Amino acid sequence: MSHGHDEVPPEPETPAGEGNPGGLFTKLRAKAKSPAQLQAELKNTQVWKSIFRHKLDDSARNRSLAVLSSVFLHLHPARVNRDAVRYNFTWGMGGITFYLFVLLTLTGTLLMFYFHPSKGEAYRDIMFLQHDVPFGNLLRNMHRWCAHAMVITTWLHMMRVFMSGSYKPPREFNWNIGVLLLLFTMLLSFTGYLLPDDQLGFWAVTVGTNMARATPVMGHEGPFGPELGFTAFNDVRFALLGGSVVDANALLRAYIWHCIAIPIIASVLLIVHFWRIRKDGAISGPAPVMLASEITD
Amino acid sequence: MDWHQVWELVSLPDNVPIVLLLLMVPFYTWLAFREAGRNDRLIAELERDPDMRKTHHRVPYPWKPGWPKTVHVWPHLLKREFLAAIIVTVVMIVWSICLDAPLEEPANPSLTMNPSKAPWYFLGLQELLVYFDPWIAGVVLPSIILMGLMAIPYIDVNPLGNGYYTWKQRKFAIATFLFGFLVLWVLLVIIGTFIRGPGWLWFNLGETWDHHRVDHQVNYDLHELFGVTGAWQVIAFGAAFVGGFCAIVGGITHLWVVKCMPLMRKRMSLVQYATMLQLWVLMMLVVAKIIARLGFTVKNFLVTPWFNI
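Rules of the game
Residues numbered from 1 in each chain as written. Chains lettered and ligands numbered in written order. Predicted model: local features only at pLDDT ≥ 70, side-chain atom pairs only at ≥ 80, totals over all residues. Heavy atoms only, no water. Helix = DSSP H or I, 4+ residues; strand = E, 2+ residues; numbered from the N terminus. Rg over C-alpha atoms; globule rule 2.2 N^0.38 Å. Buried < 20%, exposed > 50% of the residue type's maximum accessible area, 1.4 Å probe, protein only. Contact = heavy atoms within 4.5 Å. Areas by Shrake-Rupley, 256 points an atom, 1.4 Å probe, with all protein chains shown as cover. Expected span 1.5 Å × (residues − 1). Phe/Tyr/Trp six-rings, centres within 6.5 Å; stacked < 30°, edge-to-face > 60°. Lys NZ or Arg CZ within 6 Å of the ring centre and 35° of its normal. Buried area = accessible area lost by both parts, 1.4 Å probe. Salt bridge = Lys/Arg side-chain N within 4 Å of Asp/Glu carboxyl O. Polar contact = N/O pair within 3.5 Å; in protein donor to acceptor, adjacent residues only side chain to side chain. Nonpolar A, V, L, I, M, F, W, Y, C, P; charged D, E, K, R; others polar. Pairing = 2+ DSSP bridges. 1 Å grid on protein atoms, 1.4 Å probe; cavity = no way out; pocket = protein on both sides within 12 Å on 5 of 7 lines; lining within 4 Å. Points joined across faces, edges and corners; volume = space filled by probe spheres on them.

Visitor: Just checking my understanding: could you explain the overall build of chain B for this structure?
Guide: Helix and strand counts for chain B stand at 11 helices and 1 strand. Element order for chain B, N to C, with α for helix and β for strand: α-α-α-β-α-α-α-α-α-α-α-α. Rg of the C-alpha trace for chain B: 25 Å, well past the compact-globule value of 19 Å for 309 residues, more than 25% over. In terms of its C-alpha atoms, chain B occupies a principal-axis envelope of roughly 75 × 55 × 35 Å. Looking at chain B as a whole, 48% of its 309 residues qualify as buried. Counted over contacts in chain B with a minimum sequence separation of 6, partners at least 24 positions apart contribute 66%. Approximately 16,000 Å² of chain B is accessible, and the part contributed by carbon and sulfur atoms is 70%.

Visitor: Before we go on, may I ask you to explain helix 8 (residues 136–163) of chain A in this structure?
Guide: Residues spaced three or four apart along an α-helix face the same direction, because each turn holds 3.6 residues. Residue and element names in this part refer to chain A. Counted at 1.5 Å a residue, the expected span for helix 8 with its 28 residues is 40 Å, and the 40 Å between its end C-alpha atoms agrees. Of all 28 residues that make up helix 8, 26 are buried, and the element is covered over most of its length. Phi turns positive one or two residues past the end of helix 8, at Gly 165, with a value near 65°.

Visitor: Which parts of the structure should I look at to understand the packing of aromatic side chains?
Guide: Going through the model one piece at a time under the given rule, you end up with 29 aromatic pairs over all chains. For the ring pair Tyr 121 of chain B and Phe 122 of chain B, a centre distance of 5.0 Å and an interplane angle of 70° mean the geometry is edge-to-face. Grouping aromatic residues by their ring pairs yields a cluster made of Trp 155, Phe 162, Tyr 167, Trp 175 and Phe 190 of chain A together with Trp 120, Tyr 121, Phe 122, Phe 177, Phe 181 and Trp 185 of chain B. Positioned above the aromatic ring of Tyr 193 of chain A is the side chain of Arg 144 of chain A, whose terminal nitrogen or guanidinium carbon lies 4.9 Å from the ring centre. One Lys or Arg, Arg 265 of chain B, reaches over the ring of Tyr 273 of chain B and ends 4.2 Å from the middle of that ring.

Visitor: Can you walk me through the interface of chain A and chain B in this structure?
Guide: Frequently, the measure chosen for interface size is the accessible area removed from exposure when the parts meet. Taken residue by residue, the interface counts 97 residues in chain A and 106 residues in chain B. The contact between chain A and chain B buries some 9,400 Å² in all, and 69% of this surface belongs to carbon and sulfur atoms. Three residues stand out in chain A for area buried against chain B, namely Arg 82, Trp 145 and Met 163 of chain A, and they jointly supply 9% of the buried area on that side. At the surface where chain A touches chain B, the tally comes to 3 salt bridges. Among the salt bridges present, the one from Arg 144 of chain A reaches Asp 14 of chain B, with a minimum N-O distance of 2.6 Å. For the pair chain A and chain B, the number of links is 53 residue pairs in polar contact (both at pLDDT 80 or more). Elements with a contribution of two residues or more to the side of chain A that touches chain B: helix 4 (60–68), strand 1 (79–81), helix 5 (87–90), helix 6 (93–112), helix 7 (121–131), helix 8, helix 9 (172–194) and helix 10 (199–210) of chain A. When residues of the side of chain A that touches chain B are assigned to their parent elements, the largest contribution, 19 residues, is made by helix 8 of chain A. Tallied by class, residues from the side of chain A that touches chain B come to 62 nonpolar, 18 polar and 17 charged. As paired strands, strand 1 of chain A and strand 1 (residues 70–72) of chain B are joined by 3 bridges and run antiparallel to one another.

Visitor: Explain the environment of His 157 of chain A here, please?
Guide: Residues and elements named next belong to chain A. Within the secondary structure, His 157 is located in helix 8. Put simply, His 157 and Ile 265 are 108 residues apart on the chain and 20 Å apart in space, counted from C-alpha to C-alpha. Ignoring any residue separated from it by four or fewer positions in sequence, one finds His 157 in contact with Met 93, Gly 94, Thr 97 and His 273.

Visitor: Help me understand empty space enclosed by the protein, please; the structure alone is not making it clear to me.
Guide: With a probe scaled to a water molecule rolled over the atoms, the places where space remains empty come into view. With the rule as written, the count across this model stands at 1 cavity of 30 Å³ or more. Empty space within the largest cavity amounts to approximately 50 Å³. Here the residues of the lining of the largest cavity are counted per class, giving 8 nonpolar, 1 polar and 1 charged.

Visitor: Sorry, what's going on with unusual backbone geometry here?
Guide: Outside of glycine, negative phi angles account for most residues, and trans bonds account for most peptide bonds. Here the amide bond leading from Gly 285 of chain A into Pro 286 of chain A is cis, since omega sits at 0°, within 30 degrees of zero. Tracing the backbone shows Pro 286 of chain A in the segment after helix 12 (248–279). Between Trp 74 of chain B and the following residue, Pro 75 of chain B, the backbone shows a cis peptide bond with an omega angle of 10°. On the secondary structure map, Pro 75 of chain B appears in helix 4 (residues 73–98). Phi is positive for Phe 135 of chain A, close to 60°, though the residue is something other than glycine. You can call Phe 135 of chain A exposed: its relative accessible area is 67%. A positive phi angle, close to 70°, is found at Val 217 of chain A, a residue other than glycine. With respect to the helices and strands, the residue Val 217 of chain A is situated in the loop between helix 10 and helix 11 (236–241). Relative accessible area serves as the criterion here: at 38%, Val 217 of chain A is assigned to the partly exposed category.

Right, dumping it as C-alpha cells:
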C-alpha cells in the first residue's frame, strides 16, 4: 500500500526484530524500562506529586492519609469504631439519603436543560422528555423515584437515630438540623410535584397549599385572619403561589424553590449536619452499654 | 373483594413507594428490636455478674483482647459506602426502567380530580383534615410535630441507651416515638393512600371505589349529643370538655410517671416536664379525636364561631 505517495519507498514487510540487530525496535527495546521502573518514575514527576500528596503503599499512615488528604473523603475520620461499619447499626440510611440527594442533583440538573417553567411549555417539555430526548424518560423516572426513595430513607434514618439513642448528648443540636433536613426533603419533593403541570401535580399542590389559607392570623380562612384584613389576595397562600390560584406564577415559584432556593438551604444544612457528626465525636456507636446501677445522679 | 381495585391502587406508580414503605418500615422495626434484644440480654448479664462488668467489652459483637477498638475508614468503611452506592444506583436504574413516572392530563382547574390527594408523604396530614379544622391539621399540628421532634433531645433526660439499641432501658421514649411514627404517621399515610376513595370516603381495601356513593353518616358535635344549646353555653361546654380532657389525661400521665418512672421525673426540670406532658396530651387529643370520629361519629369537642377543636 503506497498511500498515494509514490516517491516514498514502501515499508519493509518484516518488522525489525531479533533477526535485525541494527533495527529501530531493538534499539528502543534496549532503552525500554520495566513497568515497575516506569511506575516509580511516574510517581516521581512533579505532576504526580502535585496531585497525590502521599505514597500509595499499604501502611497505616497511608490509609489514614488517603482519607484525610482527599477533599471528598475527609468528612470521614481516619478510623471508626470497629462495629460502626456493621449494617445492622446504621442501616446505611444517612449515607443512602445523601447519595440519593447527589443522584437527584445530577438528574435534576440534566432535566433543567429541557424544562421551561411556564404554562403550556412545562407539560410539553415533559412529553418531549418522555418521547424524544435520548434517555429522557429514564432521566425523569430516576429523578421521580429517587425523590420518593429519599423521603423514605430520610424517615428510616431518623427512626434509626432515635432507636439507637443517637440524638442524646452531645448530639442534640445535630438531631435538630436533621429535623430541618426532614422538612426540606419533603418540601423539595412537594415543590417538584407541581412542575410537570399535570392534573396530579396541580391538584396535589392545590390541596397542599389550600392548607395555607387556613393559617391562623396569616391566612384568609384561618382563625382571626379575616379580622386582621387578610383576603385571598394578600395572605400567606398568595405569597406561596404568587396568586390566588395555582397558575403560571405558582409554577415559576415552585420551580425556583425546587431548583435553587431549597437545594441551597438543604446543602448548607447538610454541611452543618456532616460537620457536626465529626465535631460531636463521630458516629454514636455501637457504644458500650451502660447499666442503670452505674448511673449516679 | 374487588381484586382489580386492589391492583389498581397498589400498582399506581406513585403508590409503589408506599408499598415499599409498607415492607421496609416493619423490617427495620424488627431489625432495631433484634439489636435491642441482643443489648438487653447483655445488659441483664452484666447486671447479674459484677466480675463480668470489669472485663467485658460491653458490645454484643465479638471482640478479642488485642483487637483494636477502631478500624481504618479506608478500606473498611469506604468499601461498604462504595458498595452501597453501587447497589442504590442499580436499584434506582432498574426501578426507573421498569416503572414509568406518572404523567396525567395537563393541569385543568375546571376538572377536579376525585379524590384530590396531596403527595403520598403528606396524606397523613390530609387524613387529619377529617378530624380537625384545616388550620389545625394543616398548620398547627405539622408545626407541633416539627417542634416536638426538635424538643426530643432536650426532654429525654434518660442517660441510658446513648448510642446503642435498647428497649428495656428506654421503654417510655421508644414506645411513644414508635406510636407517633408507626401509628399516627405511617398508618395515617397508608389510610390516606389505600383506604380513602372518592369524596375522601372510607373504602375498605378491596371495596370498589364507587364515585356515586353517598355517605349518609351524620356527624355530631359533642355538645349536640349532650343537648347543650345557646351560644355561650356551647363554647363553655366545649372549653370545659377539652380543658377537662387535657387535665385528666395530663393528670393520669403525671401519676403514671410519678409511680412508675420516678427517676425520669426527678431528672427533669419543670419546663422539661411540662413540655413533655403537653406534647403527650396533644398526641392523646389527636388519638381521641380519631377514635371519636371513626367510632362514635363525633366531629368536634369544642365549637366556637372562629374555630373548632
